[in-house]
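The lines below spell out each chain.
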Amino acid sequence: MTSRIPRDSRLRIVRPRPLAAAPAAVAERRARRPAPRPPEGTPPRARLAAMAREGLAAAVRVARWAEAALPRGGPEARPAAPADGEGTLPEATAARAAGELGLTPAKVRADWDTARLAGLVEVHGGVARPGWRLRAWDRDDSAVLRGWVALFDAWSLVHPGPDELTPAAGAEVIEAVPQLLTLLQLSDGPVPVTQLLDLLEQRVEELRTQRCEIPYGPRTEPAAEPAEDVPLATLLDWALHGLAAVGALTYADGHATLTPLGSWAVWVRLEQICVAAQSPAGNIEQPAEEMLRGCARLRPQSARSEYRAWLAARPVGSAVAELLEAARGEDAMVRSLAFEALRVVGAPAEAEVRAAAEDALLRPYALLWLAEHDGTDPEDAPLVLSRQEATWLWVDTAAAVADHGEAPLLVRHLEAAVQPTVPALLADVRAVGHPRTVQVLVALAAAHPDPALAKAVRRAAFQVHTGGA
C-alpha cells in the first residue's frame, strides 16, 4: 500500500534551469530587419559622442561642481541645490560657483540651464540634483548622445526670441523647423538663408490655412484689429541662432550648414517617423492597454518593434504616463508588458519609474527596471528584490499565467519562486497579501499533477479565503 503522507522531498521546488537554445538552423531562417544605417559620411557613434561631450563640457563642469560642492540631501543622499520648482539656480549659488570656477554668474546660470535641458541635472520635489546622465557621462556614449538630442529638441529655450515674439508665432516656427532641417540634410552642404526663408513662408502659410476657423453665428462686437506679425525673417534668424547655439548647425555669411551632430539628429528623427509608419501589428493608434494586449501573442522581437512604433508616434512623457496607468490596472499580463515597453523607452522613463516604485502594486516591476537600467545583468536583477517583493511578483506573474496561459506554464512557474520548498512558498504567499492569491492557488492546485502538492495548495487557498493562518 502506497503512503499518501506528503514528504518534503516530493514537494521540493526545482531551481530554475536555463532554457535550451534554439537550433542554429531555426535562427538562421528567421527574417531579420537589418539595422538602419545613417547617411554616408556620418561619423561613428564614438566620434559623435566625443563631439557632444566637447559641446557640453561647460554644462558638465557646472553640474559636477554642484555634485561636489553643494550639500547632500534627499532619500538617496545625493548633492542637491535648492530650486524654485523648475530647477533655476539661485543667485547666491550662482555667485559661489562663479567665484570657484572663474566664471561670471551669468555664464554659470547659462551653463546650468544647458545642463538641465540636457538631463545632466534633474529636478525632483523643488530640488535640483545631478542626473543619471552625469554619472554615466564618461563611460556611456548612448547617454551622452541622448543628452545632446534632448538639448537639440529644446533649442527654442536656449536662445532668447525677439521681444515681440508671440506664442502663436513661436509655435509656428517651431513646427516648421523640422522641414527646414530636412532640407539642410538633403542639401548636404551650405543652404542660402533666402531659400530657407522661402520654405518657412510656405510652411507657415500651410499651418495657418489648416488652422483657419470661421466663427459660427452673428458677431455682436466688431472684430479686434490683428496684432502686427513679427517678420518671418526675424523668426528664421532666431531659429537658426538657437540651433547654432546647441551645435546643430553653423550660421554665417547668409548660409546655414548642418554639423555632423545635427545631421545625425535629423536622421534619427526621420528614422523614428519611418518606424512609426511601419507598425508591425497595426496597434499604433490604440491606447496603451489595447496595444499591450495586441502584443501579448507576438514574439519578443516583434513586440519590441511594436512598442517602438507606438512610442515614436507619441511624446515620450505622455507615453510613459499612459503605460504606467495601464500597469496599474487589474490585468497582471498588461502590467508585465507595460514594463517591457518601458524598457524600450529607456532613460527618459527613469523619473516616472522611480516614482512608481512607491506604489506597492508596481514596486517589484519598477525595482527590476531600475536595476537593469543601472547596468545590472537581467539574470541578477531579481536579487534587488526583498523576499516579500519577490513573492508578490511571483503571485502577480502566476495570475497573468492563470488568466492567459496554459496549465503546464503555471506548474513550471513554481521554478521561479525564491523559496526552496512548497511549504515555505505557501507560507510567504499567504502572508504577502496579494489580492489574487486565492485564485492563483486554486488554479495551481487544479493544474498540478502531484496529488499531495495539489492538496497542500488547496488547503492554503482555503486558509487565505477564510482568513486562517
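Please read all numbers here as calculations on a predicted model, not as lab measurements. Sequence order as written defines the numbering, with residues in each chain counted from 1. Thresholds applied to this predicted model are a pLDDT of at least 70 for local features of residues and 80 or more for the giving and counting of side-chain atom pairs; totals over whole chains, interfaces and linings are not thresholded and use all residues. Values shown for side chains rest on all heavy atoms present in the structure; no hydrogens or waters enter the calculation.

Describing the environment of R430
Item 1. One can find R430 in helix α22 (residues 422-432).
Item 2. In this structure, the C-alpha to C-alpha distance between R430 and T391, residues 39 residues apart in sequence, is 9.9 Å. A run of H or I in DSSP counts as a helix once it spans at least four residues, and a run of E counts as a strand once it spans at least two, with each numbered from the N terminus.

Looking at the pattern of salt bridges
Item 1. By definition here, a salt bridge exists when the distance from a side-chain nitrogen of Lys or Arg to a carboxyl oxygen of Asp or Glu is within 4 Å. Tallied over the full model, the rule gives 18 salt bridges.
Item 2. In this structure, the salt-bridge partner of E91 is R109, at a minimum N-O distance of 3.0 Å. Separated by 18 residues along the polypeptide, E91 in helix α5 (residues 91-101) and R109 in helix α6 (residues 105-117) bring together distant segments of the chain.
Item 3. One network of salt bridges, with partners in common, ties together E289, R293 and D331.

With respect to helix α10 (residues 167-187)
Item 1. One fewer than the residue count of a helix, multiplied by 1.5 Å, yields its expected span. Between the first and last C-alpha of α10 there are 30 Å, a value that for 21 residues agrees with the 30 Å anticipated at 1.5 Å per step.
Item 2. Given a residue, its bend is the angle between the two axes fitted to the seven residues that end at it and to the seven that start from it. In α10, a bend of some 35 degrees at V177 exceeds every other bend along the element, and P178, a proline, comes one to four places later.
Item 3. Only protein chains enter the accessibility calculation, which uses a 1.4 Å probe; a residue whose area is less than 20% of its type maximum is buried, one above 50% is exposed, and one in between is partly exposed. Here α10 has its buried residues at A169, G170, E172, V173, A176, V177, L180, L181, L184 and Q185.
Item 4. In the segment just after α10, D188 is the residue with positive phi, at about 55 degrees.

Examining the nonpolar core
Item 1. Only buried residues count toward a nonpolar core, which is a set of Ala, Val, Leu, Ile, Met, Phe, Trp, Tyr and Cys residues joined through side-chain atoms within 4.5 Å. Grouped together as the largest cluster of nonpolar side chains are 64 residues, with contacts concentrated most on L120, W148 and L181.
Item 2. In terms of nonpolar packing, the next biggest core, distinct from the first, is built from 63 residues, M291, L292, V334 and A357 among them.

Comments concerning the packing of aromatic side chains
Item 1. Each Phe, Tyr or Trp ring, with Trp reduced to its six-membered ring, pairs with another whose centre is within 6.5 Å; inter-plane angles below 30 degrees give stacked pairs, above 60 give edge-to-face pairs, and intermediate values give tilted ones. Within the structure shown, the criterion is met by 3 aromatic pairs.
Item 2. Ring geometry for W148 and F152: centres 5.5 Å apart, planes at 15 degrees, overall stacked. Pair noted here: W148 and F152 are both in helix α8 (residues 141-153), with a separation of 4 residues, about one helical turn.
Item 3. Taking relative accessible area as the criterion, W148 reaches 2% and is therefore assigned buried.
Item 4. When the ring of F339 is compared with that of Y365, the centres are 5.5 Å apart and the planes differ by 20 degrees; the resulting orientation is stacked. Here Y365 lies in helix α19 (residues 363-373) and F339 lies in helix α17 (residues 332-345), a separation of 26 residues in the sequence.
Item 5. A relative accessible area of 1% places F339 in the buried class.
Item 6. Note on Y365: relative accessible area 8%, which makes it buried.

Observations regarding the packing of helix α14 (residues 288-295) against helix α16 (residues 316-327)
Item 1. Fitted lines through C-alpha atoms serve as axes, helices being fitted only where they are in contact, and the angles separating the N-to-C directions of these axes extend from 0 to 180 degrees. Where α14 meets α16, the closest approach of the two axes is 8 Å, and the angle between their N-to-C directions is 70 degrees. Between α14 and α16, the angle falls in the class roughly perpendicular. Listed contacts from α16 to A288, E289, M291 and L292 of α14 are E322, L323 and A326.
Item 2. Basically, the charged four are Asp, Glu, Lys and Arg, the nonpolar ten are Ala, Val, Leu, Ile, Met, Phe, Trp, Tyr, Cys and Pro, and anything else, Gly included, counts as polar. Class assignment of the residues belonging to the contact of α14 with α16 gives a composition of 5 nonpolar, no polar and 2 charged. Put simply, angles under 35 degrees are roughly parallel, angles over 145 are roughly antiparallel, angles from 65 to 115 are roughly perpendicular, and the rest are oblique. Contacts are assigned to residue pairs that have any heavy atoms within 4.5 Å of one another.

Description of the pairing of strand β8 (residues 255-258)
Along any regular strand, the residues point their side chains to alternate faces of the sheet.
Item 1. Here β8 shows a buried face lined by A256 and L258 and an unburied face lined by H255 and T257.
Item 2. Of the strand pairs in this sheet, strand β6 (residues 191-192) and β8 are connected by 2 bridges, and their pairing is antiparallel. In the sheet register, V191 faces β8, and the bridge partner there is A256.
Item 3. The pairing criterion for strands is at least two bridges between them, as found by DSSP. Counting the residues between successive antiparallel strands, the hairpin from strand β7 (residues 249-252) to β8 contains 2 residues, one of them, D253, with a positive phi of roughly 55 degrees.

Honestly, it's all geometry; don't read function into it.
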